[in-house]
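Chain by chain, the residues:
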Protein chains: 2
Amino acid sequence: MKPVTLKEIAEQLNISVTTVSKALKDYPDVSKKTKGLVKELAKTLNYKPNTFAVNLRTKESKTVGLIIPVIVHHFFSNVIKGIISQAEKKGYLVIILQSNESYELEKKQIDLLLSQRVDGIIISLANGTADFSHLNQIIDQEKPLVMFDKIAKIVQCSKVIIDDRKAAYIATQHLIDIGCKRVAHFRGALLPQNSIDRFLGYKKALLDNNLPYDPSLVYICECGDMSFEEGKKNAKQLLKDHDDVDGIFINTDLVAIGAMTEFNNQGVKVPEDISIVGFSNWFMSSVISPTLTTIDQPGFKMGKTAFKQLYKEIQAIKNNKPKRPKTITLETKLIERESTEK
Amino acid sequence: MKPVTLKEIAEQLNISVTTVSKALKDYPDVSKKTKGLVKELAKTLNYKPNTFAVNLRTKESKTVGLIIPVIVHHFFSNVIKGIISQAEKKGYLVIILQSNESYELEKKQIDLLLSQRVDGIIISLANGTADFSHLNQIIDQEKPLVMFDKIAKIVQCSKVIIDDRKAAYIATQHLIDIGCKRVAHFRGALLPQNSIDRFLGYKKALLDNNLPYDPSLVYICECGDMSFEEGKKNAKQLLKDHDDVDGIFINTDLVAIGAMTEFNNQGVKVPEDISIVGFSNWFMSSVISPTLTTIDQPGFKMGKTAFKQLYKEIQAIKNNKPKRPKTITLETKLIERESTEK
DNA sequence: CTGAAAGCGCTTACAG
DNA sequence: CTGAAAGCGCTTACAG
């Protein structure tokens with residue numbers, strides 16, 4: 001069963017392709033009668049416009065690309081959901097790619113999306129990304145680009161973020177408020193902006209409370225992938241290095257859960273011996289034992305907002321208006337749970 | 001900066017578009033010298049073929065569609081990852097849609113994908129799907145279709161599944177082996193084939209062990225969405241209805257975790273009072289307390305396999321060969337953990 | 001109100 | 001080895 005074309009409809013009705021096309025799109029200069037006939041036949045033949053041809057003519061694909069470091073991740077999968085749900089409302093489809101935290105892959109994927117002629121791109125950067133020419137390439141082509149979560153400040157495009165520094169400050173302040181005197185930090189990879197900002201928030205909270213900042217209390221994730229295993233490893237190392245740490249602010253819930261598992265294995269009690277605050281509010285943080293205090297990061301909303309902004313820019317470009325990059329900061333909040341109960 | 005076309009390259013080199021096109025695709029009837037010139041210029045101009053035009057000519061989009069009930073779900077997000085990683089290897093892009101367990105949405109989304117002219121579709125059905133004409137529509141158009149996990153046996157297409165009945169049998173048998181005499185079952189929604197099969201496996205295990213099958217021990221999920229809340233609700237109801245249940249086989253880990261949370265709140269001890277086996281082996285099942293015994297379901301592999309099969313069929317159709325639907329069954333295994341430790 | 005014609009950017013059968 | 005021409009299926013400015 002071959003797909004039906006405008007030509008076939010035109011032949012069956014003995015009218016021109018032009019008129020059929022116009023009738024289906026409700027052009028005002030087609031008679032009601034003709035419109036009726038065309039629409040009816042189109043329906044019975046189950047006509048669907050050939051997107052390839054439409055795209056070629058209109059130079060739009062009604063498709064956007066999304067590049068994400070990891071999919072199997074509570075925060076990111078929520079973002080995906082937010083983007084897809086919003087895109088659907090506007091009649092857009094979403095092509096999803098996973099960069100696996102690799103700069104090389106990310107670069108290739110952007111090339112792919114550009115040659116696919118998507119109407120815009122949404123991205124959260126890989127931990128390994130330090131060069132941004134592949135992103136500027138998107139901007140040079142006047143394609144809308146929206147970054148979220150892991151962004152590059154220097155790139156001139158719209159961004160949807162949270163105030164990582166402030167959130168980290170609040171998380172650390174909470175540990176201090178409940179009495180912690182030696183607060184460590186598992187900061188994740190070195191490069192990503194949000195990792196830097198969270199670290200700065202942690203440091204500022206210490207200094208504002210007249211607690212010394214001790215670099216040996218900051219644990220970096222070399223592997224590039226913030227994972228459960230990383231949390232275990234860091235926790236093990238911390239127990240070797242220090243015996244006086246009474247609180248830790250950890251970059252991601254998953255890592256925090258890894259750390260808590262290690263502490264539990266070694267008989268270190270949370271929160272009695274060490275209090276812990278995570279980041280992101282993964283679902284599982286509310287069901288493990290002890291439940292994990294964390295910063296709620298609105299993934300679904302972030303996805304929705306990112307698409308909305310992208311859509312605005314797509315429209316702006318269509319109407320030959322400037323697209324005006326915008327940075328949108330979403331609210332976060334501290335969720336207090338058992339891991340910091342004193 | 002407008003995208004470069006074949007025409008521009010041709011003009012700059014004073015040769016025809018035909019030759020440029022052939023040179024770039026390494027046709028044997030173009031001189032080495034010309035090929036060299038064309039390729040060099042294409043590179044410096046950063047030429048990328050216009051996919052719309054290529055698609056229109058070749059009638060291929062190198063894109064496949066994926067419809068999934070929920071994205072924020074450990075099993076499904078692993079499947080997505082598997083599909084995307086395999087697709088990338090073959091140069092295919094993946095458009096992802098979420099049906100939200102709604103038949104209506106699923107139908108619309110298939111229409112969307114078909115009018116987008118994707119080369120094939122991979123789907124896991126919504127719990128609400130009982131009619132399959134929208135799926136047969138895909139098959140009528142001779143588009144490859146692969147179903148996985150939640151399938152419809154009656155639809156003539158390839159399927160990637162596990163042996164749900166067998167897995168459920170093993171799960172239930174495990175509960176009986178450790179001494180359970182009154183085993184309940186949270187079966188999830190009524191319609192999906194895997195829900196039916198798991199129920200049948202549960203029932204058969206009881207009967208094979210000379211335990212009576214009691215329908216009042218089987219809890220159905222009316223809301224259509226197998227969730228944490230559903231687990232809590234069912235657990236609460238079960239405690240009201242029965243005081244002699246000593247084991248439960250639960251359709252999905254997330255629901256099992258909901259149930260364990262409710263039991264914990266009410267002072268019912270797992271596994272001392274009630275032993276629990278889940279299904280799917282979500283990551284969090286290995287870190288909660290008690291850790292959850294479950295059936296490991298290979299999501300990533302399922303995704304990979306589904307795409308591989310789809311790809312084979314796409315190739316077959318391209319070469320005018322029959323596509324021969326195939327059902328592939330992947331292995332599962334029981335993961336014993338604390339929730340069934342006696 | 002209707003339609004012939006050009007064109008989007010490519011591919012490929014065919015002629016030379 | 002090179003290129004003119006047709007055509008994929010649509011949209012739209014223009015003529016009548």
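A brief report on the enclosed structure follows. In this text, all values refer to a predicted model and were calculated from it rather than measured experimentally.

### Some thoughts on the relation of the copies chain B and chain A
Superposing chain B onto chain A requires a rotation of 180° together with a translation of 0.0 Å along the rotation axis, leaving an RMSD of 0.1 Å. In short, the pair behaves as if placed about a two-fold rotation axis.

### Description of the pattern of salt bridges
One pass over the full model with this rule turns up 22 salt bridges over all chains. In this structure, the salt-bridge partner of Lys-150 of chain A is Glu-101 of chain A, at a minimum N-O distance of 3.0 Å. Placement of Lys-150 of chain A in the loop between β4 (145–148) and β5 (158–162) and of Glu-101 of chain A in the loop between β2 (93–98) and α6 (103–115) is noted, with a sequence separation of 49 residues between them. The same class applies to Lys-150 of chain A as to Glu-101 of chain A, namely buried. Among the salt bridges present, the one from Asp-29 of chain B reaches Lys-22 of chain B, with a minimum N-O distance of 3.5 Å. Exposure remark for Asp-29 of chain B: the relative accessible area of 53% places this residue in the exposed category. A residue is classified by how much of its surface remains accessible, and Lys-22 of chain B, at 25% relative accessible area, is partly exposed.

### Focus on unusual backbone geometry
Residues and elements named next belong to chain A. Residues Ser-289 and Pro-290 are joined by a peptide bond in cis, for which omega reads -5°. Looking at the element boundaries, Pro-290 is found in the loop between β9 (275–277) and β10 (294–296). Positive phi, close to 55°, is recorded for Lys-62, a residue that is not glycine. Take Lys-62: it is sitting in the loop between α4 (51–58) and β1 (63–68). We note that Asn-100 has phi near 55°; this positive angle belongs to a residue other than glycine. Inspection of the secondary structure puts Asn-100 in the loop between β2 and α6. Its relative accessible area of 46% is what places Asn-100 among the partly exposed residues.

### Focus: the protein's contact with DNA strand D
The local shell around DNA strand D holds 27 residues, among which Leu-6 and Arg-57 of chain A together with Lys-22, Asp-29 and Arg-57 of chain B are the closest. Of everything in DNA strand D that lies within 4 Å of the protein, sugar and phosphate atoms constitute 57%. Within the side chain of Tyr-27 of chain A, one N or O atom sits 2.7 Å away from a phosphate oxygen of DNA strand D. Within the side chain of Thr-18 of chain B, one N or O atom sits 2.9 Å away from a base nitrogen of DNA strand D. Elements that contribute at least two residues to the surface near DNA strand D include exactly α2 (17–24) and α4 of chain A together with α2 (17–24) and α4 (51–58) of chain B.

Reading the values: rules and limits
Going along each chain's sequence as written, the residues are numbered from 1 onward. Chains carry letters and ligands carry numbers; both start at the beginning, A for chains and 1 for ligands, and go up in the order they are written. Local features are withheld for residues below a pLDDT of 70 in this predicted model, meaning they are given only at 70 or higher, and side-chain atom pairs are given and counted only at 80 or more; totals for whole chains, interfaces and linings count all residues. Each side-chain value is worked out from all heavy atoms of the structure, with water and hydrogens disregarded. Copies are brought into register by a least-squares superposition over C-alpha atoms of residues with pLDDT of at least 70 in both. Whenever Lys or Arg places a side-chain nitrogen within 4 Å of a carboxyl oxygen from Asp or Glu, that contact is recorded as a salt bridge. By the criteria applied, helices consist of DSSP H or I runs no shorter than four residues and strands consist of E runs no shorter than two, each listed in order from the N terminus. Throughout this description, buried means an accessible area under 20% of the type-specific maximum (1.4 Å probe, protein chains only), exposed means over 50%, and partly exposed covers the range between. We call a residue near a molecule or strand whenever a single non-hydrogen atom of that residue lies within 4 Å of it. Residues adjacent in sequence count toward polar contacts only when both atoms are side-chain atoms; beyond that, a polar contact is any pair of N or O atoms within 3.5 Å, and within protein one must be able to donate a hydrogen and the other to accept it.

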